[in-house]
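# Overview (structure and organization)
As a plain string of letters, each chain reads:
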Amino acid sequence: MNELEQAGLARLRDGWISGGAVFELAPIEWKHVAAAATPDEQERRLLAIAAQALDVALRPAAPKTLKRRPPLPVLALPRLPDRLRPLLRAALRQAADARRKTLVVKLVASRGYVTHPMDWIPAASDQNAPDVYAPWIDWQTSAEQERHGSHEKLSAGNWADFYPAARRVALAAMRRSDPAAARLLIEAKASAESAEVRLSLVELLRIGLGPDDAPFLKSLATDRSGKVRELAGRMLAMLGEHGEAGPDVPVTELAGFIEEGKAGFIRRRITFGPVKTKSHAQEQRRAELFELCNLVDLAARFGVTEVDFITGWQFGTDHNADILLSRMVAASGSDTAVAHMADMLVAEGGKHVFRALQLTPRLDNRRKRVLVRLILKQANYLGMLNLAENLDAGWLDWDDLTNGQVLPALRSIIGGNDDAMRQGVHDFLEIMGFLATATAATRLIEDLVAAGLPPASPSLGLLRLNAALAENPSQIVR
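Described below are features of the structure shown in this document.

What counts as what
Residues numbered from 1 in each chain as written. Predicted model: local features only at pLDDT ≥ 70, side-chain atom pairs only at ≥ 80, totals over all residues. Heavy atoms only, no water. Helix = DSSP H or I, 4+ residues; strand = E, 2+ residues; numbered from the N terminus. Rg over C-alpha atoms; globule rule 2.2 N^0.38 Å. Buried < 20%, exposed > 50% of the residue type's maximum accessible area, 1.4 Å probe, protein only. Contact = heavy atoms within 4.5 Å. Areas by Shrake-Rupley, 256 points an atom, 1.4 Å probe, with all protein chains shown as cover. Lys, Arg positive; Asp, Glu negative; His and termini not counted. Charge placed at Lys NZ, Arg CZ, Asp CG, Glu CD. Polar contact = N/O pair within 3.5 Å; in protein donor to acceptor, adjacent residues only side chain to side chain. Axes fitted to C-alpha atoms, helices over the stretch in contact; angles between N-to-C directions. Parallel < 35°, antiparallel > 145°, perpendicular 65-115°, else oblique. Nonpolar A, V, L, I, M, F, W, Y, C, P; charged D, E, K, R; others polar. Phe/Tyr/Trp six-rings, centres within 6.5 Å; stacked < 30°, edge-to-face > 60°. Lys NZ or Arg CZ within 6 Å of the ring centre and 35° of its normal. Expected span 1.5 Å × (residues − 1). Salt bridge = Lys/Arg side-chain N within 4 Å of Asp/Glu carboxyl O. Core = buried A, V, L, I, M, F, W, Y, C linked by side-chain atoms within 4.5 Å.

## Observations regarding the overall build of the protein chain
- Along the backbone of the protein chain there are 24 helices and two strands.
- Rg of the C-alpha trace for the protein chain: 32 Å, well past the compact-globule value of 23 Å for 478 residues, more than 25% over.
- Projected onto its principal axes, the C-alpha coordinates of the protein chain cover approximately 120 × 60 × 50 Å.
- Across the 478 residues of the protein chain, 45% fall into the buried class.
- In the protein chain, once contacts between residues fewer than 6 apart in sequence are set aside, the share between residues at least 24 apart is 64%.
- Counting every atom, the protein chain has about 25400 Å² of accessible surface; 53% of that belongs to carbon and sulfur.
- For the protein chain, the distance from the average site of its 59 positive side-chain charges to the average site of its 58 negative ones is 3 Å.

## A few points about the environment of Ala134
- Turning to its location among the elements, Ala134 is positioned in helix H6 (residues 134-141).
- Under the relative-accessibility criterion, Ala134 is labelled buried at 7%.
- Taking the C-alpha atoms as reference points, Ala134 and Val169, 35 residues apart in sequence, are found 7.4 Å from one another.
- Residue contacts for Ala134: discarding those within four places in its chain leaves Ala165, Ala166 and Val169.

## Structural notes on the side chain of Asp223
- With respect to the helices, strands and loops of the structure, Asp223 is situated in the loop between helix H10 (214-219) and helix H11 (226-238).
- A polar contact is formed between the side chain of Asp223 and the side chain of Arg198, at a distance of 2.9 Å.
- For Asp223, the side chain forms a polar contact with the main-chain nitrogen of Ser225, separated by 2.8 Å.
- With residues near it in sequence (within four places) discarded, Asp223 still touches Arg198, Val228 and Arg229.

## Quick word on unusual backbone geometry
- Unlike most non-glycine residues, Asn390 shows phi in positive territory, near 60 degrees.
- By the element assignment, Asn390 lies in the loop between helix H19 (365-376) and helix H20 (398-402).
- The partly exposed category is assigned to Asn390, whose relative accessible area is 43%.

## With respect to the packing of H11 against helix H16 (residues 319-332)
- H16 packs onto H11 with a crossing angle of 90 degrees between their chain directions and a minimal axis gap of 7 Å. Taken together, the axes of H11 and H16 lie roughly perpendicular to each other. In this structure, H11 uses Arg234, Ala237 and Met238 to contact H16, whose residues at the interface are Ala330, Ala331 and Ser332.
- In the contact of H11 with H16, the residues fall into four nonpolar, one polar and one charged.

## What to know about the packing of aromatic side chains
- One pass over the structure, following the stated rule, counts six aromatic pairs.
- Here the aromatic rings of Trp120 and Tyr133 are separated by 5.0 Å at their centres, their planes lie at 80 degrees, and the arrangement is edge-to-face. Of the two residues, Trp120 sits in the loop between helix H5 (98-110) and H6 while Tyr133 sits in the loop between H5 and H6, which places them 13 residues apart along the sequence.
- Given a relative accessible area of 0%, Tyr133 falls into the buried group.
- Ring plane angle 40 degrees and centroid distance 5.9 Å describe the contact between Phe309 and Trp313, whose orientation is recorded as tilted.
- For Phe309, a relative accessible area of 0% corresponds to the buried category.
- Through pairs of rings, three or more aromatic residues link up here, namely Phe272, Phe302, Phe309 and Trp313.
- Above the ring of Phe23, the side-chain terminus of Lys31 is found at 5.8 Å from the ring centroid.

## A few points about helix H17 (residues 335-348)
- The end-to-end C-alpha distance of H17 is 20 Å, a good match for the 20 Å that 14 residues give at a rise of 1.5 Å each.
- The complete set of buried residues in H17 reads Ala337, Val338, Ala339, Met341, Ala342, Met344 and Leu345.
- Turning to H17, the residues buried within the fold contact helix H14 (295-301), helix H15 (306-312), H16, helix H18 (352-355) and H19.
- A positive backbone phi angle near 70 degrees is found at Gly349, which sits one or two residues after H17.

## Some remarks on the environment of Ile186
- Among the secondary structure elements, Ile186 is positioned in helix H8 (residues 179-189).
- Residue classification places Ile186 among the buried residues on the basis of a relative accessible area of 0%.
- In this structure the C-alpha to C-alpha distance between Ile186 and Phe216, which are 30 residues apart in sequence, comes to 9.6 Å.

## Structural notes on the pattern of salt bridges
- Evaluated as defined, the whole model comprises 27 salt bridges.
- For Arg167, the salt bridge identified is with Glu193, shortest N-O distance 3.5 Å. In this pair, Arg167 sits in helix H7 (residues 164-177) while Glu193 sits in the loop between H8 and helix H9 (195-203), placing the two residues 26 residues apart along the sequence.
- As a salt-bridge pair, Arg285 and Glu288 come within 3.2 Å of each other at their nearest N and O atoms. Taken together, the residues Arg285 and Glu288, both in helix H13 (residues 280-292) and three residues apart, mark about one turn of the helix.
- Given the relative accessible area of 42%, Glu288 is considered partly exposed.

## Quick notes on the nonpolar core
- Ranked by size, the top nonpolar core spans 96 residues in total, and within it Phe309, Leu376 and Met432 carry the most contacts.
- Tallying contributions element by element places helix H22 (residues 419-435) first for this core, with seven residues.
- Each residue touching Phe309, except ones within four places of it in the same chain, is listed here: Ile258, Phe272, Leu295, Leu298, Ala299, Phe302, Val304 and Leu325.
- Membership of the second largest hydrophobic core comes to 23 residues, among which are Trp159, Leu171, Ala182 and Met235.

## Some remarks on the packing of H9 against H11
- Interaxial distance between H9 and H11 falls to 9 Å at its minimum, and their mutual angle equals 10 degrees. Our classification of the angle between H9 and H11 gives roughly parallel. In this structure, H9 uses Ala195, Arg198, Leu199, Val202 and Glu203 to contact H11, whose residues at the interface are Lys227, Val228, Leu231 and Met235.

Dropping the structure here:
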């Protein structure tokens, strides 16, 4: 419709608004349609023509920048049944941040379902979503491209055909079945990727990390990205490879914050403990050094092995230093050192158990479950469970909850008036909603409602979803 016709329509509209007849103002072609009718019918016919013209000819055109997206990929698992979606939405609504929302979708995936995209869809940058959502992540990233069939095996020839998330999933699976082949692919292709992608690819070498990976990791000492160099250095440290002494590896400075001593009257053994810092600046510098240095280099600086250094550390004299050491062990300790520290702290019991929480990303499933069960036997530090990472969903039994002080403590808090403690209960129940079996979730809801928690409390959201998912046992994926 041209401007002249649009102006004519505007005159007709103004005429009708003012209440008068507009037949004489209509275009000649329109008059032919209405001329033989009565005056009232003429106006109705003109109105019909004008309405159709406005509806069809003046419809806003799509912007030229608008692109047609391909259909959202179908995932490997079925969608959550519609009758359970309100429970899912309630649990997601109560999740305080992206990490908590990821726990919700991980629980759903562990029971053999994926979310409806209107309820939850991962962001393009999401690195923590369950693997089953990789096609959606890639759809978010590169929707304008044709999607590659995920059934094909990743190789150097079709590397570019895979989207980043699908490629990571394929490489992770390859590292479990054929770690050398996966490393060779990463070695051949990573250098052409951006620093962020290179970092995520090198990170995959943690799966099945072994001495054969050392030459490639050493070659990354000249990588353009400082983060890649740092990650490669820590992986080499996990393999027992020492870093090169120099200004960028300030192990000597860190050793200055640690005091070596002796303990025991008969069997003198070496001990290590933090030197008391004199200022906040020293405290900060010590934290930076613990983050920069590797455990194997620090232990070598004192002439002992990683295990001997951990055994000799005087836990409990400086809480902050204990946490810094725990993080260092988790980031750069060998598998043997990580397992030794976790077993030692669990055996010590008490507050020492909570320092082992820093190690959970590196612990095997058995040690993670031992650690969680041990914490649940105590009641004073339940909130510390929030620090645990990479836990499995849906394994905690009702016996684990009744074999300690956790339930009496929860009942006491629910019956009390301390709002801060009640918020702690909310956080704890979210974690329990993720960890518990469906049976344990059902019984925990009944127990807490009997203790006085309102049946409609939002704190029970994830527990209710967990309990409801028990109705679909055939889809359970462990």
